[in-house]
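Observations on the three-dimensional arrangement
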Amino acid sequence: MERKWWKEGTVYQIYPRSFADSNGDGIGDIPGIISKLEYLKNLGIDIIWLSPVYKSPNDDNGYDISDYQDIMDEFGTMQDWDTLLAEMHARGMKLIMDLVVNHSSDEHRWFVESRKSKDNPYRDYYIWRPGGEGNCEPNNWESCFSGSAWQHDEQTNEYFLHLFSKKQPDLNWENPKVRQEVYDMMTWWLDKGIDGFRMDVINMISKVEGMPSAPPQEGRKYVWGGEYFMNGPRIHDYLREMNEKVLSRYDIMTVGETPGVTPEEAANYVHEDRHELNMLFQFELMDIDSGNGKWDVRPYKLTDLKRILSKWQYGLGHGKGWNSLYMNNHDQPRMVSRFGDDRTFRLESAKMLGTLLHTQQGTPYVYQGEEIGMTNVKFESIDQYQDIETLNMYHEKVNQQGADPAKVMESIYIKGRDNARTPMQWDDSPNAGFTTGTPWLQVNPNYTEINAKQAVSDPNSIYNYYKRLIQTRKNNLVLIYGEFDELLKDSETFYVYTRTLGDERALIVLNFTKTDQTFELPSDVTYNGFELLISNYDVDPTQDIRTFTTRPYEARVYRLK
Ligand code: NOJ
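Calculation notes
Residues numbered from 1 in each chain as written. Predicted model: local features only at pLDDT ≥ 70, side-chain atom pairs only at ≥ 80, totals over all residues. Heavy atoms only, no water. 1 Å grid on protein atoms, 1.4 Å probe; cavity = no way out; pocket = protein on both sides within 12 Å on 5 of 7 lines; lining within 4 Å. Points joined across faces, edges and corners; volume = space filled by probe spheres on them. Helix = DSSP H or I, 4+ residues; strand = E, 2+ residues; numbered from the N terminus. Salt bridge = Lys/Arg side-chain N within 4 Å of Asp/Glu carboxyl O. Buried < 20%, exposed > 50% of the residue type's maximum accessible area, 1.4 Å probe, protein only. Pairing = 2+ DSSP bridges. Axes fitted to C-alpha atoms, helices over the stretch in contact; angles between N-to-C directions. Contact = heavy atoms within 4.5 Å.

Another point: empty space enclosed by the protein. In this approach, a probe sized like a water molecule rolls over the atoms, and the result shows the empty space that is left. This structure, assessed with the given rule, holds four cavities of 30 Å³ or more. Here the largest cavity defines a volume of roughly 130 Å³. Taken together, 13 residues line the largest cavity, and the ones lying closest to its centre are Gln282, Leu309, Ser324, Leu325 and Tyr326. Mapped by element, the contributors of at least two residues to the lining of the largest cavity are helix 9 (302-316), strand 14 (324-325) and helix 11 (346-359). No other element matches helix 9, which puts three residues into the lining of the largest cavity.

Written out as structure tokens, the structure is:
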């Protein structure tokens, strides 16, 4: 397997609005990020993925871009951004920018023009259709943010498509001029020196011809039409063209956000011979507890979780591609609350999950606050929430369908995106040291205990464990490139696997329960000796590994000799 910097590095995702506010307006900004680079460098981060910092009316916190080549006022200036890049490069860190080109903002000048008239030169930059029969929407697709995916526009009496909010019209990728605009814009950023892109819902840019309605579902006016726009008919043509015209000319990394892909489909995006992307964010683990949509929360077993993770390890392993390893981001609940225990065993379970992420094959992504074990939040009132997805869903369910508000709030506590967006907890001063003003979203009240200042100074903290974990991965190529093999597949207690690279082998044992558990290594795994690489508890490194007792959420990584 070919060695690459983006396979060996650890990525840290910054959601700028919630990271660090330097000027007291309650909104995180670029100078705030610059002031925290040493904190990230000290953690061992090599790559930062910055969620969008472009000009935006913030209907969806920057994922609605009105100018791709300018910086959002609240975040600072282009000069601040130039300083950020220079400061990062001076520290040997790489910068990945978010590329949001399935849609723009309706305030982008292309759309302002496009909606003016049917013969405007920008009309075909977006997807316009006349109304369907009975003067309704052109089809029955549901938007990801509730309601119809079509918005009627008075001016020309047509509808435009928006798979997300109505302030996020979908760009028309069929139009070669749109593609060229995007490639030119990407080239402009790459020539400024950035090191790659995270591509927002990139597998949605090609829609099925004719855009037919999805099969109707009883009791629903609008229906999820994913099969008509996810991994659409021309997606690979577009990505190959993008690769040829832009990506292949630079030493960069790319990671595509691709809901709904299987490992087989994923290989078509990331196999080295395909010349498209380097990595994907797939959603199978994120959907593990979803029933009829994400808000319908279902229980699952450890074997379900293992089946999904191992499937991707085998699916993209053995030279078929490369995984991205993540358990949370700005759209998902907090990892420790969702997959661990954010009360009694917060430290232990956060470290155990971190061990999992840093010992599978792929590039690990740490989401801001994960390294200090930040947790989900429970605001009392819906008015304290800011996220458009959450608010639209609440409005639809409670106000239109008459659902029980308490039940809807319960699902928001478990799945809402604002769980991940409460401000970064820097210290125990008011507003967690995030801002001297009023934060745009309230801080999680647990900041007096959970904060970066405490974590940096405490040798037993999650932060200091992550630091060792990142270093351990760097020092042991077997943890980066080694082939994955799962053991004890049917265990509802342990997740156990080995990694093998030539004659190097590592053994990873993770106790996923809240109780002591006896581990027995299968007898066909043989070894002459072993070395403890890292563990989240004190362990006697000479203790034999054939069988041993693990404590709640214990994680151990051994090198086998
Ligand atoms: C995925 C992004 O991560 C999410 O935050 C955003 O709302 C949608 N794409 C639309 O851009």
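So, about the pattern of salt bridges. Under the defined criterion, the tally for this structure stands at 41 salt bridges. When the shortest N-O distance is used, the salt bridge between Asp237 and Arg240 registers 3.7 Å. On the criterion of helical spacing, the pair formed by Asp237 and Arg240 is a turn pair, its members being three residues apart in helix 7 (residues 235-245). Given a relative accessible area of 39%, Asp237 falls into the partly exposed group. Asp331 is paired through a salt bridge with Arg421; the nearest N and O atoms lie 3.1 Å apart. Remark: Arg421 occurs in the loop between helix 13 (405-415) and helix 14 (452-457) and Asp331 occurs in the loop between strand 14 and helix 10 (335-339); sequence separation between them is 90 residues. What you see here is one network of salt bridges that share partners, running through Asp60, Lys294, Asp331, Asp387, Glu389, Arg417 and Arg421.

Moving on to the pairing of strand 5 (residues 94-99). Of all six residues in strand 5, five are buried; the element is thus mostly enclosed. In terms of strand pairing, strand 2 (residues 47-50) meets strand 5 through four bridges, oriented parallel. Considered in strand 5, the bridge of Ile47 is made with Lys94. In the sheet, strand 5 pairs with strand 9 (residues 196-199) via three bridges, with the strands oriented parallel. Among the inter-strand pairings, Met97 is bridged to a residue of strand 9, identified as Phe197.

Within the open sheet, the five strands sit side by side as 16-17-18-22-20. Their pairing is antiparallel. Of all the strands in the sheet, the pair left with one neighbour each is strand 16 (483-487) and strand 20 (530-535). Ignoring strand direction, the axes of neighbouring strands in this sheet form an average angle of 20°. The strands that helix 9 touches are strand 16 and strand 17 (494-501); relative to strand 16, the one it contacts most, it runs at about 155°. Where helix 15 (residues 462-475) meets the sheet, its contacts fall on strand 20 and strand 22 (555-560), and the angle it forms with strand 20 comes to roughly 140°.

Note that every value here comes from positions in space, so none of it alone points to a role or purpose.
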